[in-house]
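An overview of the molecular structure
Chain by chain, the residues run as shown.
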Amino acid sequence: MFDIGFWELLTVAVLALLILGPSRLPGALRSTISTVRKVRNMATGFKHEVEHQLRIHELHENLKKAEHDGLENVSPELRKSVEELKQAANSVQEPYKKK
């Protein structure tokens, strides 16, 4: 990702040691690592959400295509997408059904 060599990393480490001192350097490293982890987790969550929304959009488009062509003569891929949508709709409606 970054093109940082050994000497650049060593220079940053020495500067951090001189500026922060040996007592505050471990705390600064921990907070920096914690922040980097949070940013990565947020990016991963965003990526998964976008992938999920794209999959939903694809299923929706397949359903439109299946409705347009008629549900009898559709390809197996479209039939599978329609079945997935039906299962998803049933799972969403399940908590709201009256007992």
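Residues numbered from 1 in each chain as written. Predicted model: local features only at pLDDT ≥ 70, side-chain atom pairs only at ≥ 80, totals over all residues. Heavy atoms only, no water.

We now examine the packing of aromatic side chains. The full count for this structure, using the stated rule, is 1 aromatic pair. Between phenylalanine 6 and tryptophan 7 the ring centres are 5.1 Å apart and the planes differ by 70°, which places this aromatic pair in the edge-to-face class. This pair shows no difference in class: phenylalanine 6 is exposed, exactly as tryptophan 7 is. (Phe/Tyr/Trp six-rings, centres within 6.5 Å; stacked < 30°, edge-to-face > 60°. Buried < 20%, exposed > 50% of the residue type's maximum accessible area, 1.4 Å probe, protein only.)

We now examine the pattern of salt bridges. The full count for this structure, using the stated rule, is 2 salt bridges. Close ionic contact of glutamate 84 with arginine 55 constitutes a salt bridge, the shortest N to O distance being 2.7 Å. Taken together, the residues span a long stretch of sequence, with glutamate 84 in helix H2 (residues 76–93) and arginine 55 in helix H1 (residues 6–69) at a distance of 29 residues. Exposure remark for arginine 55: the relative accessible area of 32% places this residue in the partly exposed category. Each member of the salt-bridge network shares a partner with another, and the members are Arg55, Glu58 and Glu84. (Salt bridge = Lys/Arg side-chain N within 4 Å of Asp/Glu carboxyl O. Helix = DSSP H or I, 4+ residues; strand = E, 2+ residues; numbered from the N terminus.)

Any functional reading would require information beyond the geometric quantities listed.
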